[in-house]
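Chain by chain, the residues:
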Amino acid sequence: MFEEIRKKLIHVVASRMTVFALLFCLLGGILIWRCFELQIVHGAEYQEEFVLEIEKTRDIASIRGDIYDRNGNILAYNELAYSVKIEDVIEQGSQRNKKLNATIMNLIQMIEKNGDKCITDFKIYLNEDGDFAFSVEGTSLLRFLADVYGHSKIGDLKDAQRTATAQEVMEFLSDRTNFAIGAYEDPENSKSEFIPGEGYTKEEWLKLITIRYAMSLTSFRKYIGTTVATNINEKTVAVLMENAADLPGVTVVEDTVRRYVDSEYFAHVLGYTGKISSDELTDLNTKMEENGYEDNFYNINDVVGKGGIEGYMETTLQGQKGYEKVIVDVMGKVLSIEERQEASAGKNVHLTIDKDLTEAVYHILEQKVAGLVSSKIINAKEYIAAPGSSSSDIRIPIYDVYYTMFNNSIIDIKHMAGEEAQETEREVYEAYLSYKESVYEKLLYELREGMTPYNELSKEHQVYQSNIVSLLRRNGVLMEEAIDDADSVQIAWTREEVISMAEYLKYCISQNWVDVSKLELDDKYSDSAEIYDKLVDYIVSSCDKNTEFQKRFYKYMLLGDRISGEQVCKILCEQNQVPISEEDRTAIFEGRISAYDFMKKHIDNLDITPAQLALDPCNASVVIVDVNTGEVLAMVSYPGYDNNKMANSIDAEYYARLNADKAKPQYNYATQYAAAPGSTFKMVSATAGLLENVISLDTKTRCVGTFSEISSAPRCWMRSGHGDETLTTAIRDSCNYYFYNVGYMLSNTSGTYNETEGLDMLYRYADMFGLTEKSGVEITETAPKVSTEDPVRSAIGQGNNSYTTVGLARYVATVANSGTCYNLTLLDKITDSAGDIVTKFQPEIRNQVELPEEYWDAMHSGMRQAVEGKTYFKDLAVEVAGKTGTAEQLKTRPSHALFVCYAPYEQPEIAIVTRIPFGYSSDYAAQATRDIIKYYYDLEDEEELITGVADTPDGGISNEL
């Protein structure tokens, strides 16, 4: 009887569901109708219960391969963890979005209640102003916008879409025709205006969008889960299991997360992992298809390498996916596993870098930069340059140190306004509110009545007004594409500075340079006066929300004695933002230590690092290369960052801090920062001069200080002149005059001075040393630039020459080994999970520089003598040959410090390039290099080299370029 009823029920249901069955089949679903129970209750109608079962195949992620250093020390590995996934199982209908959003919001709250975080890998984040901002730019941003607006090609973007702000993208995706994240103006009337984001905090709104957008990318593949959170703790697992009935489509699965060892030292080299982008999906699947791996295609939920070695070696590290065929119910719950194929691990990548060496170099750099910064601090409000002073004379006023506590967010400004603020925080915050009011009063006066020309304003208010105009341009209120830079009023504002900001802005309105759609106008046909009034309102509102603008108040509050350095020190103690002993806390609160001494002490102790100060200098880089193989032994960029907080699931708060950090820790100063090489370029010019026969080893050039063969008459750093110089002594003395003459003669081989001829010559010889191409390392690198102007100055590494630290490392390695120019590499070998070698990378020679041995000897001798002339290299057990290079970029900032060298002198093994941007003198870079050599050759105990405190610079500082 029961079997007969069951068959009839299936027949009836099947006949009535034919259309739906066909639809599910088209989507790839297999419908199996089963009647689990038919209960007939005496005296009542019977009830029917049936379960919709779907067979689906889901990927099992492969286990990513590990990354090791050259000595087998692990740098990146995987850790077992639990992840949360959600599938879109909400039925279609008018309430679908509302139900799905409620489910996701409920899920987010459960995850975060126990200290876990949801994935925030959307291309939009909340900046320090609390505004939505894009985390990508350029082509990557356009690709993201094309995906958002449903275009397969970037070229299909409409103008409004191409220029959409992050806020506008959020509103578009949240509109009721898309994800419907928000609320109706009248909750009881669905025909009233729908307000995107209404009812949510910005943080909640962004999290919802992130998950909904990720789910939309797999909407064409029903029952494919989207990862919401990774590495959740056991409490969260338990909560989600207990509330499963309220979380349709949510599952907890076993997974892995990527971990990085000592991350801040290696983040720039390794990169990190994250959810695949649409561009990466296309590129990687194209690569898989080309290599015959169609059965291991990537999908939109996969985690891949983002930059660095993780990105470059993605397909090697990834491994082979597994799969399982399962039966699930309509809510996504697994009823049974029908078939399972385990994933296989990816291969392991071994790098050429040395973990211990890299970490030691990082610490040495930080100590040296801290000592340099500390030595330049003076107890003054401002540094005023004396007549005739140079960039090497620049000093750091202690008031700049106080201000950077606010400017680089060491002090949490928002905390000062909160309920938990302590006494000094509240005092300073009240002073800030009062000061801000007075600034706004003056600002509004100037906009409405004062009309003071820019050049007659105080320096403070010039800063405010310049920032206001920049803010208007950045926000698109002043339209960059509309502004005519040749317009006389534009020139009067930007260059001559003889008109007021009010006059300038009114003129911008009259010229239609203002995008009035960004102003809250009552009537789109408003006249100029109404537009200007709204623009003034916009300015005040924007300034009030702009954290960078608000921070500037603290600078002038300090200079005007509205707040004191002592209060700054006390806030550091109250907020516990830096390590401060109880003794020092007591001393500053009791007035037993001055604010100047307090700050100096904590800078010297590295409680406050150069990176946190973000004053000149705050960055540095070192690259060490094996001159006989081209292998990179160490690549250090200071400061580093924690790529653990970027991998798996980006920590949104940490990411926002990184983007706001004035020291730019995400930037790789070893491979991306390019600047003039200064005198380190002179070996290229020497080679050119010798091979073009404009000089010989015996040629003597008398340096008289000023080179008068060209009209601009550049001077040697030794103003009185060096006297007679040969090639070797000119390298030793870094004689600019000698190499000016080389550049001049290279431009004068036909008897007539021809700049193009000289520049072409220099380019050809720069190419011999690999300076016209990237170095070969497998991570992102800025392309070099050989100078295209002024061959005389270009011959001493000025002009517009621009090279990265790693590019110069290849160059000096080529000099050291007498002519073998390698393509540098970070890759040593690939091994399988059993440790067997799959691939061993071999050195790749780019080219050979053919020079007579005596030419090499002359240059090597000059470099050796240059180092022998440095007192701080005296008695070093290993002989070093090197060249300093101090390059001035701006008169208002210190020169760049650069030192290139190799060791040992007689039988070179390693080449080292050390660069400290805005590091005053190349001698400071050389002193850091000396200590690196001590560490490498074990010439001094590690404890004596790496002390954990600022290292005061030695003497023997010269002004040579």
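Caption draft 1: Structural detail: the environment of Gln465. Within the secondary structure layout, Gln465 lies in helix H17 (residues 459-474). Residues Gln465 and Tyr454 lie 11 residues apart in sequence; the distance between their C-alpha atoms is 8.3 Å. Beyond its immediate chain neighbours, meaning those up to four positions away, Gln465 contacts Glu446, Tyr454, Leu457, Trp493 and Met501.

Caption draft 2: Representation of the pattern of salt bridges within the structure. The full count for this structure, using the stated rule, is 48 salt bridges. A salt bridge links Glu359 to Lys355, with the shortest nitrogen-to-oxygen separation between them at 2.8 Å. Residue Glu359 and its partner Lys355 are both found in helix H13 (residues 355-376); the two are separated by 4 residues, about one turn of the helix. Here Glu359 and Lys355 have matching classes, each one buried. Glu879 is the salt-bridge partner of Arg864, the closest N and O atoms lying 4.0 Å from each other. Linking Arg864 in helix H33 (residues 853-868) with Glu879 in the loop between H33 and strand S28 (881-884), this pair joins segments that are 15 residues apart in sequence. By relative accessible area, which is 37% here, Glu879 ends up partly exposed. Connected through shared salt-bridge partners, Lys368, Arg930, Asp931, Asp951 and Asp954 make up one network.

Caption draft 3: Just the packing of aromatic side chains, in detail. Counted according to the given criterion, the structure contains 38 aromatic pairs. With a centroid separation of 6.4 Å and an interplanar angle of 65°, the aromatic rings of Tyr435 and Phe553 are classed as edge-to-face. Residue Tyr435 is found in helix H16 (residues 423-450), and its partner Phe553 is found in helix H21 (residues 547-559); the two are separated by 118 residues along the sequence. Each member of the pair, Tyr435 together with Phe553, is buried. Seen from their ring centres, Tyr738 and Phe739 are 5.1 Å apart, and the 70° between their planes marks the pair as edge-to-face. Joined through ring pairs, the aromatic side chains of Phe406, Tyr429, Tyr432, Tyr435, Tyr440, Tyr464, Phe549, Phe553, Tyr554 and Tyr556 make up one cluster. Seen from the ring of Tyr920, Lys376 lies directly overhead, with NZ or CZ sitting 4.5 Å from the centre. For Lys506, the ring lying beneath its charged end belongs to Tyr532, and the centroid distance is 4.9 Å.

Caption draft 4: Helix H14 (residues 398-407), seen in detail. Burial runs high along H14: 9 of the 10 residues are buried. Listing the buried residues of H14 in full gives Ile398, Tyr399, Val401, Tyr402, Tyr403, Thr404, Met405, Phe406 and Asn407. Where H14 ends, the next residue or the one after it, Ser409, has phi of about 60°, a positive value.

Caption draft 5: The packing of helix H3 (residues 96-113) against helix H7 (residues 202-216), seen in detail. Interhelical geometry of H3 versus H7 gives an angle of 115° and a closest axis separation of 10 Å. Where H3 crosses over H7, the two elements pack in a sense that is right-handed. Contact residues: H3 offers Arg96, Asn97, Leu100, Asn101, Ile104, Met105, Ile108 and Glu112, while H7 offers Glu204, Lys207, Leu208, Ile211, Arg212 and Met215. Of the residues belonging to the contact of H3 with H7, the class tally is 7 nonpolar, 2 polar and 5 charged.

Caption draft 6: Spatial organisation of the sheet that holds S28. As summarised here, the arrangement of the 5 strands in space is S19-S18-S30-S29-S28, forming an open sheet in which the pairing is antiparallel. A single partner strand is all that each edge strand has here, and the edge strands are strand S19 (632-638) and S28. Looking at each pair of strands side by side, their axes are set apart by 10° on average, direction ignored. Along the sheet, H33 makes contact with S28 and strand S29 (897-903), crossing S28 at roughly 75°.

Caption draft 7: Fine view of the state of the cysteines. Counting across every chain of the model gives 0 disulfides. Of the cysteine sulfurs around Cys508, a residue in no disulfide, the closest is that of Cys543, at 16 Å. The cysteine Cys703 is free of any disulfide, with Cys735 supplying the nearest cysteine sulfur at 3.7 Å. According to the relative accessible area criterion, Cys703 is buried, its value standing at 3%.

Caption draft 8: Spatial organisation of unusual backbone geometry. In this structure, the amide linkage connecting Asp616 to the following residue, Pro617, adopts the cis form with an omega of -10°. Along the chain, the position of Pro617 falls in the loop between helix H25 (610-613) and strand S18 (620-626). Of note, the amide linkage connecting Ala903 to Pro904 takes the cis form, showing an omega dihedral of -15°. Even without being a glycine, Glu497 presents a positive backbone phi close to 60°. Position of Glu497 among the secondary structure elements: in the loop between helix H18 (488-496) and helix H19 (501-510). Of the residues examined, Glu497 reaches a relative accessible area of 29% and is grouped as partly exposed.

Caption draft 9: Structural context of H18. Residues of H18 that are buried include every one of Gln490, Ile491, Ala492 and Trp493, and no others. In this structure, the buried side of H18 is in contact with H17 and H19. The residue sitting at the N-terminus of H18 and contributing the capping side-chain oxygen is Asp487; that oxygen lies 2.8 Å from the backbone nitrogen of Val489. Among the residues trailing H18, Glu497 stands out with phi positive, at a value near 60°.

Caption draft 10: Region of interest: the pairing of S28. Residues Ala881 and Lys883 of S28 are buried on one face, and the alternating residues Gly882 and Thr884, pointing to the opposite face, are buried as well. Examined bridge by bridge, S28 and S29 share 4 bridges and lie antiparallel to one another. In the strand pairing of S29, Gly882 is matched with Cys901.

Caption draft 11: Structural detail: the packing of H17 against H21. Where H17 contacts H21, the axes come no closer than 11 Å and their chain directions differ by 175°. By the angle class used here, H17 and H21 are roughly antiparallel. Along the contact surface, H17 presents Lys459, Glu460, Val463, Tyr464, Asn467 and Ile468, while H21 presents Phe549, Arg552, Phe553 and Tyr556. A per-class count over the contact of H17 with H21 returns 6 nonpolar, 1 polar and 3 charged.

Caption draft 12: Layout of a negative patch on the surface. Residues Asp356, Asp938, Asp941, Glu942, Glu943 and Glu944 make up a contiguous surface patch of negative charge. Here the element with the most residues in the negative patch is helix H35 (residues 942-945); it accounts for 3 residues. For Glu943, the location among the structural elements is in helix H35.

Caption draft 13: Main features of the side chain of Ser794. The topology assignment puts Ser794 in helix H31 (residues 791-794). Overall, Ser794 belongs to the buried group, its relative accessible area being 1%. Side-chain polar atoms of Ser794 contact the side chain of Ser787, separated by 2.6 Å. Each residue touching Ser794, except ones within four places of it in the same chain, is listed here: Phe681, Leu759, Leu762, Ser787, Glu789, Gly799 and Asn801.

Caption draft 14: Seen up close, the environment of Ile378. Structurally, Ile378 is set in strand S16 (residues 377-378). Sequence separation between Ile378 and Tyr654 is 276 residues; the distance between their C-alpha atoms is 33 Å. Not counting chain neighbours up to four residues away, the residues in contact with Ile378 comprise Arg395, Ile396, Pro397, Ile398 and Tyr596.

Analysis parameters
Residues numbered from 1 in each chain as written. Predicted model: local features only at pLDDT ≥ 70, side-chain atom pairs only at ≥ 80, totals over all residues. Heavy atoms only, no water. Helix = DSSP H or I, 4+ residues; strand = E, 2+ residues; numbered from the N terminus. Contact = heavy atoms within 4.5 Å. Salt bridge = Lys/Arg side-chain N within 4 Å of Asp/Glu carboxyl O. Buried < 20%, exposed > 50% of the residue type's maximum accessible area, 1.4 Å probe, protein only. Phe/Tyr/Trp six-rings, centres within 6.5 Å; stacked < 30°, edge-to-face > 60°. Lys NZ or Arg CZ within 6 Å of the ring centre and 35° of its normal. Axes fitted to C-alpha atoms, helices over the stretch in contact; angles between N-to-C directions. Left-handed = near helix turned anticlockwise from the far one by under 90°. Nonpolar A, V, L, I, M, F, W, Y, C, P; charged D, E, K, R; others polar. Pairing = 2+ DSSP bridges. Disulfide = S-S within 2.5 Å. Polar contact = N/O pair within 3.5 Å; in protein donor to acceptor, adjacent residues only side chain to side chain. Parallel < 35°, antiparallel > 145°, perpendicular 65-115°, else oblique. Patch = residues over 30% accessible without salt bridge, like charges linked within 9 Å, V, L, I, M, F, W, Y side chains within 5 Å. Areas by Shrake-Rupley, 256 points an atom, 1.4 Å probe, with all protein chains shown as cover. Lys, Arg positive; Asp, Glu negative; His and termini not counted. Charge placed at Lys NZ, Arg CZ, Asp CG, Glu CD.

Everything listed is a geometric property; what it means functionally is a separate question.
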